[in-house]
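Structural overview for review
Listed below are the residues making up each chain.
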Amino acid sequence: MFERARKPASALWSGPYTGNRVPMHRSRCVKVGGISLEVDAVGAGEPVVIIQTALDADELRPLAGQVARLGRHRSLHYHRRGYGRSSPVDGEASIARDAADCRDLISALGIAPAHVLGASYSAAVAMTLASMAPEQTRTVTAIEAPPGRSPEFRAANARLFDTFRRQGAAVALDEFMTMLTGPHWRVELDGAHAGSVSALERDAATFFGHDVPALQSWDFDSAQAVRITCPVLYIGGADTWPIFERMRRETLAVLPHAQSETITGAGHLVASTHPVETAHRVFEFLERHADTG
């Protein structure tokens, strides 16, 4: 199951957790059907599958570390197809295929049903997984899910994809990041975390060529929601964009059993800007729905 593994699977994915320091990441490629997915394991305890979000392949790793730091859960953060050491993307882009990959990864690791967490793009993957394979999900944490039905959101994605198709990934990335953070985004990003810009440039083609079209075809509605029977936690930023706030309200309307949490002072990137606060909300939720078997 593991490529280039030097230890048995049991040693890679479990073990005692001691002290307040987050244990070292253990990165391995897991065979999932005909592909490989790169998985980072950190911590020990009940597993939490953390689905990598779009563009920034490691955006959720600080959150994964904080969840593990609390000492009761093993964070399994994995790279989707086209990112990191995972297999390249091929075929038609869709949220459903990413959800199927997550389902197959959970089966390959033998951890079903599992706690599953996603943010932004990967929140859509987590919600779709819970709908299509409820037997695989113990809980779902969705952080700032994408507003797939919003006309403004669809129009923005269509413009980005058109730029990518006509002028390439580099131009589309500059347009996207300038829209998000301003014209000096390269200096600001590399100033905060060296190598951030090159990482985005490396993965931009996957983002624009796969993730953006997948978002365009995703539509979460009551027909999907009714199949989600596991506990759901929805986390949003108090200062997020209006279209994401509307998505939160719409999701809670079709998932009446879901618990909602809002992080004060946070925007759409709440999982990366407020990882400690987010991890504590996740931890409290998971503790209420722990595996008692």
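Refer to the structure presented above.
Residues numbered from 1 in each chain as written. Predicted model: local features only at pLDDT ≥ 70, side-chain atom pairs only at ≥ 80, totals over all residues. Heavy atoms only, no water.

So, the side chain of Asp211
Assignment of secondary structure puts Asp211 in helix H8 (residues 196–216). Apart from residues lying up to four places away in sequence, Asp211 is in contact with Ala54, Leu55, Arg80, Tyr83, Tyr121 and Thr206. (Helix = DSSP H or I, 4+ residues; strand = E, 2+ residues; numbered from the N terminus. Contact = heavy atoms within 4.5 Å.)

Digging into the packing of aromatic side chains
Taken as a whole and assessed by the stated rule, the structure comprises 8 aromatic pairs. With centroids separated by 6.0 Å and ring planes inclined at 45°, the aromatic side chains of Phe161 and Phe164 adopt a geometry described as tilted. Placement of the pair is Phe161 and Phe164 together in helix H5 (residues 151–167), with a separation of 3 residues, close to one helical turn. Taken together, a centroid distance of 5.8 Å and an interplanar angle of 45° make the contact between Trp241 and Phe244 tilted. With a relative accessible area of 42%, Trp241 lands in the partly exposed category. Aromatic ring contacts, followed pair by pair, group Phe161, Phe164, Phe176, Phe207 and Phe208 into a single cluster. (Phe/Tyr/Trp six-rings, centres within 6.5 Å; stacked < 30°, edge-to-face > 60°. Buried < 20%, exposed > 50% of the residue type's maximum accessible area, 1.4 Å probe, protein only.)

Digging into the pattern of salt bridges
One side chain can pair with another of opposite charge once the charged atoms of both are near each other. Taken as a whole, this structure holds 21 salt bridges when the rule is applied. Measuring nitrogen to oxygen at the nearest pair gives 3.7 Å for the salt bridge that ties Arg61 to Asp58. The class of Arg61 is partly exposed, set by a relative accessible area of 25%. One salt bridge connects Asp90 with Arg81, and the closest N-O pair in it is separated by 3.4 Å. Here the residues in one salt-bridge network are Arg81, Asp90, Arg97 and Asp101, joined through shared partners. (Salt bridge = Lys/Arg side-chain N within 4 Å of Asp/Glu carboxyl O.)

Topic: the environment of Arg248
Mapped onto the secondary structure, Arg248 falls in helix H10 (residues 242–254). Judged by relative accessible area, Arg248 falls into the buried class, the value being 17%. Look past the residues within four positions of Arg248 in its chain and what remains in contact with it is Tyr234 and Ser260.

Notes on unusual backbone geometry
Cis geometry is adopted by the peptide bond preceding Pro113, which originates at Ala112 and carries an omega value of -10°. With respect to the helices and strands, Pro113 occurs in the loop between helix H3 (95–109) and strand S6 (114–119). A positive phi is found at Ser120, a non-glycine position, where the angle reads about 55°. For Ser120, the location among the structural elements is in the loop between S6 and helix H4 (121–132). Of note, Glu144 is a non-glycine position whose phi angle comes to about 50°, a positive value.

Brief notes about the pairing of strand S7 (residues 137–143)
With 6 of 7 residues buried, S7 lies mostly within the body of the structure. On the question of chirality, the crossover connecting S6 to the parallel S7 by way of H4 is right-handed. (Right-handed = clockwise from strand over helix to strand, strands pointing away.)

Observations regarding the pairing of strand S9 (residues 259–263)
Where strand S8 (residues 232–237) meets S9, 5 bridges bridge the pair, whose relative direction is parallel. Bridge pairing links Gly237 to Ile263 in S9. With H10 bridging S8 and its parallel neighbour S9, the resulting β-α-β unit is right-handed. (Pairing = 2+ DSSP bridges.)

A word on H3
Given a rise of 1.5 Å per residue, 15 residues ought to cover 21 Å, and the 21 Å separating the end C-alpha atoms of H3 matches this to within 8%. All of the buried residues in H3 are Ile95, Arg97, Asp98, Ala99, Ala100, Asp101, Cys102, Leu105, Ile106 and Leu109. Positive phi appears at Gly110, one or two residues downstream of H3, with a value of about 70°. (Expected span 1.5 Å × (residues − 1).)

Regarding the state of the cysteines
Counted under the stated rule, the structure contains 0 disulfides. Free of any disulfide, Cys29 has its nearest cysteine sulfur in Cys102, 16 Å distant. Note on Cys29: relative accessible area 2%, which makes it buried. Here Cys102 stays unpaired: no disulfide links it, and the sulfur of Cys230, its closest cysteine neighbor, is 12 Å away. Take Cys102: its relative accessible area is 0%, and that puts it in the buried class. (Disulfide = S-S within 2.5 Å.)

Functional significance is not addressed by these values, which are geometric in nature.
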